[in-house]
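Chain by chain, the residues:
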Amino acid sequence: MNLARSFNNWRKYRQTVSELGRMTDRELRDLGIGRSDIPYIARKASI
C-alpha cells in the first residue's frame with residue numbers, strides 16, 4: 001500500500017512540475033510563482 005501511495009505521489013509531483021514548466025514566465029508571475037519555486041510547489045501539491 002505504501003509503495004502505491006509513493007508512486008501516486010511521485011506521479012502527481014511530475015505532473016505538477018510538467019504543467020507549471022510549460023507555463024510562460026508571465027503566467028507564472030501572474031500566479032505569484034517563480035521558476036525556482038516549481039519543485040517546492042509540486043512537492044506540496046503531491047502530498
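Note that the structure is a prediction, hence the values are computed from the model and not measured.

Colleague: What is the right way to read the UniProt feature "domain: YjiS-like" (unreviewed entry) in the protein chain from this model?
Modeller: The UniProt record marks residues 3–38 with the feature "domain: YjiS-like" (unreviewed entry), using the residue numbering of this structure. Taken as a whole, residues 3–38 contains 72% helix and 0% strand, while its terminal C-alpha atoms sit 24 Å from one another.

Colleague: Help me out: how do you make sense of the packing of helix α1 (residues 2–21) against helix α3 (residues 38–45) in this one?
Modeller: A pair of packed helices is characterised by two quantities: the angle between their axes and the separation of those axes. Where α1 contacts α3, the two axes come as close as 8 Å, and the packing angle between them is 140°. One finds that α1 runs oblique with respect to α3. Read as a crossing pair, α1 and α3 show a hand that is right-handed. Residues Y13, T16, V17, L20 and G21 of α1 touch α3, and the partners they reach there are I38, P39, I41, A42, R43 and A45. Each residue belonging to the contact of α1 with α3 can be placed in one class, and the counts come to eight nonpolar, two polar and one charged.

Criteria and cut-off values
Residues numbered from 1 in each chain as written. Predicted model: local features only at pLDDT ≥ 70, side-chain atom pairs only at ≥ 80, totals over all residues. Heavy atoms only, no water. UniProt positions renumbered as here; feature names shortened; annotations may be inferred. Helix = DSSP H or I, 4+ residues; strand = E, 2+ residues; numbered from the N terminus. Axes fitted to C-alpha atoms, helices over the stretch in contact; angles between N-to-C directions. Parallel < 35°, antiparallel > 145°, perpendicular 65-115°, else oblique. Left-handed = near helix turned anticlockwise from the far one by under 90°. Contact = heavy atoms within 4.5 Å. Nonpolar A, V, L, I, M, F, W, Y, C, P; charged D, E, K, R; others polar.

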